[in-house]
Amino acid sequence: MTTLTVLLDLDNTLLGNDMNHFLPPYAAALQKHLKKFTDEQDLWPMLVASVQVMQANQDPTVTNHESFYRDFTRRLGLSYEVIQPSIDVFYHEDFPQLQPYTTRRPQAQAVVRRLLADGHQVVIATSPLFPAQAIEQRMAWAGVDGFPYALVTTMENSHYSKPNPAYYREILSKTNSSPETTWMVGDDVENDIIPAHALGLSTWWITPERAIDIQPPPACDRQGTLADFLAWLEAGGLSGPGAV
């Protein structure tokens, strides 16, 4: 069997997590910890603006973490060293309370176990807009923490984010993978499927549950729910004809 590299998205792929429901309480909790630095200003517009700056970064020597906090601390008029203790407390104490806004997908752990048992490299390819501690907690909520991943993309170790093709190129470089032997599995067409397919990766689009007659995007090689993907793996899909 050919050893492949499989990139797995996290939110709404391995973990049910609608960001429209998750981000408002996330922002409110973070605002509580940083309000002493904001002079009662609404924190959310500053966060959004700094994320946009981070996503626009094209400097391969500047990590997402560095890019975001350079801009965010400039807007606050403070150094990172001043706000870091409050941010660490937030992720330690308040972030875990956001778990009820997410749902565990029972097939997620089985997918990871199957891929690793078959000898493939597995990457958690979540858009690295959060620090490692936040991503690790969400992986635990999904039941996919503690596995020997080839890479988990985070703010600290990534220089780009989805849908920038450079995000995928960086993963390929770090894992010594070629597009021809790599799959991207994710639910977001714009962020997961189109940019990965454009680089030559094979793609599996995770469709919504109970979707009827849904049309796949042109960049999609295969589609189906996470349960469908697991069944395909168990049937030898990655080793079958036309798998890559």
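The paragraphs below set out a description of the structure included in this document.

Basis of the calculations
- Residues numbered from 1 in each chain as written.
- Predicted model: local features only at pLDDT ≥ 70, side-chain atom pairs only at ≥ 80, totals over all residues.
- Heavy atoms only, no water.
- Helix = DSSP H or I, 4+ residues; strand = E, 2+ residues; numbered from the N terminus.
- Rg over C-alpha atoms; globule rule 2.2 N^0.38 Å.
- Buried < 20%, exposed > 50% of the residue type's maximum accessible area, 1.4 Å probe, protein only.
- Contact = heavy atoms within 4.5 Å.
- Areas by Shrake-Rupley, 256 points an atom, 1.4 Å probe, with all protein chains shown as cover.
- Lys, Arg positive; Asp, Glu negative; His and termini not counted.
- Charge placed at Lys NZ, Arg CZ, Asp CG, Glu CD.
- Polar contact = N/O pair within 3.5 Å; in protein donor to acceptor, adjacent residues only side chain to side chain.
- Axes fitted to C-alpha atoms, helices over the stretch in contact; angles between N-to-C directions.
- Parallel < 35°, antiparallel > 145°, perpendicular 65-115°, else oblique.
- Left-handed = near helix turned anticlockwise from the far one by under 90°.
- Nonpolar A, V, L, I, M, F, W, Y, C, P; charged D, E, K, R; others polar.
- Pairing = 2+ DSSP bridges.
- 1 Å grid on protein atoms, 1.4 Å probe; cavity = no way out; pocket = protein on both sides within 12 Å on 5 of 7 lines; lining within 4 Å.
- Points joined across faces, edges and corners; volume = space filled by probe spheres on them.

1. Considerations on the overall build of the protein
Line of reasoning, step 1. From N to C terminus, the protein includes nine helices and eight strands.
Line of reasoning, step 2. Computed over C-alpha atoms, the radius of gyration of the protein comes to 18 Å, within 12% of the 18 Å expected from 2.2 N^0.38 for 244 residues, which places it in the range of a compact globule.
Line of reasoning, step 3. If one aligns the C-alpha atoms of the protein with their principal axes, the spans along those axes are about 60 × 35 × 35 Å.
Line of reasoning, step 4. Going through the 244 residues of the protein one by one, you find that 51% of them count as buried.
Line of reasoning, step 5. Across the protein, every contact between residues at least 6 apart in sequence was considered, and the portion connecting residues at least 24 apart equals 67%.
Line of reasoning, step 6. Within the structure as shown, the protein displays about 11200 Å² of accessible surface, and the carbon and sulfur contribution to it stands at 51%.
Line of reasoning, step 7. The positive charge centre, built from 16 side chains, and the negative charge centre, built from 28, are 2 Å apart in the protein.

2. Topic: the environment of aspartate 9
Line of reasoning, step 1. Secondary-structure assignment places aspartate 9 in the loop between strand 1 (5-8) and strand 2 (15-16).
Line of reasoning, step 2. According to the relative accessible area criterion, aspartate 9 is buried, its value standing at 6%.
Line of reasoning, step 3. Considered as a pair, aspartate 9 and asparagine 191 are 182 residues apart in the sequence and their alpha carbons are 9.8 Å apart.
Line of reasoning, step 4. With residues up to four places along the chain from it excluded, the contact list for aspartate 9 reads Leu14, Ala125, Thr126, Lys162, Met184, Val185, Gly186, Asp187 and Asp192.
Line of reasoning, step 5. Reaching out from aspartate 9, the side chain makes a polar contact with the side chain of lysine 162 at a distance of 2.9 Å.

3. Things to note about the packing of helix 2 (residues 43-56) against helix 3 (residues 64-76)
Line of reasoning, step 1. Running from amino to carboxyl end, helix 2 crosses helix 3 at an angle of 140 degrees, the nearest separation of the two axes being 8 Å. Taken as axis vectors, helix 2 and helix 3 run oblique relative to one another. Where helix 2 crosses over helix 3, the handedness of that crossing is right-handed. Taken together, the residues of helix 3 that come into contact with helix 2 (itself represented by Leu43, Met46, Leu47, Ala49, Ser50, Val51, Val53 and Met54) are Asn64, Ser67, Phe68, Asp71, Phe72, Arg75 and Leu76.
Line of reasoning, step 2. Looking at side-chain class alone, the contact of helix 2 with helix 3 contains 10 nonpolar, three polar and two charged residues.

4. Digging into unusual backbone geometry
Line of reasoning, step 1. A cis amide bond links lysine 162 to the next residue, proline 163, at an omega of 5 degrees.
Line of reasoning, step 2. Topologically, proline 163 is positioned in the loop between strand 5 (151-152) and helix 7 (165-174).
Line of reasoning, step 3. Even without a glycine there, the phi angle at asparagine 12 is positive, about 65 degrees.
Line of reasoning, step 4. Structurally, asparagine 12 is set in the loop between strand 1 and strand 2.

5. Focus on the sheet that holds strand 1
Line of reasoning, step 1. The strand order across the open sheet built from six strands is 5-4-1-6-7-8, with neighbouring strands paired in parallel fashion. A single partner strand is all that each edge strand has here, and the edge strands are strand 5 and strand 8 (222-224).
Line of reasoning, step 2. When strand 4 (residues 121-124) meets strand 5, the two strands line up parallel, connected through two bridges. Bridged to valine 123 within strand 5 is leucine 151.
Line of reasoning, step 3. Across the sheet, helix 5 (residues 108-117) lies against strand 1 and strand 4, angled at about 165 degrees from strand 1, the strand it touches most.
Line of reasoning, step 4. Relative to the sheet, helix 8 (residues 189-198) contacts strand 6 (182-186) and strand 7 (202-206), its axis offset from that of strand 7 by approximately 165 degrees.

6. A few points about empty space enclosed by the protein
Line of reasoning, step 1. Applying the stated criterion to the full structure yields one cavity of 30 Å³ or more.
Line of reasoning, step 2. Taken as a whole, the largest cavity holds about 40 Å³ of empty space.
Line of reasoning, step 3. Forming the boundary of the largest cavity are Leu151, Thr153, Asn157, Ser158, Tyr167, Glu170, Ile171 and Lys174.
Line of reasoning, step 4. Across the lining of the largest cavity, the residue classes tally to three nonpolar, three polar and two charged.

7. Side note on the pairing of strand 1
Line of reasoning, step 1. Side chains of strand 1 alternate between two faces, with Thr5 and Leu7 and Val6 and Leu8 buried alike.
Line of reasoning, step 2. Here strand 1 pairs with strand 4 via four bridges, running parallel. What sits directly across from valine 6, in strand 4, is valine 122.
Line of reasoning, step 3. Inspection of the sheet shows strand 1 paired to strand 6 by four bridges, in the parallel sense. Bridged to leucine 8 within strand 6 is valine 185.

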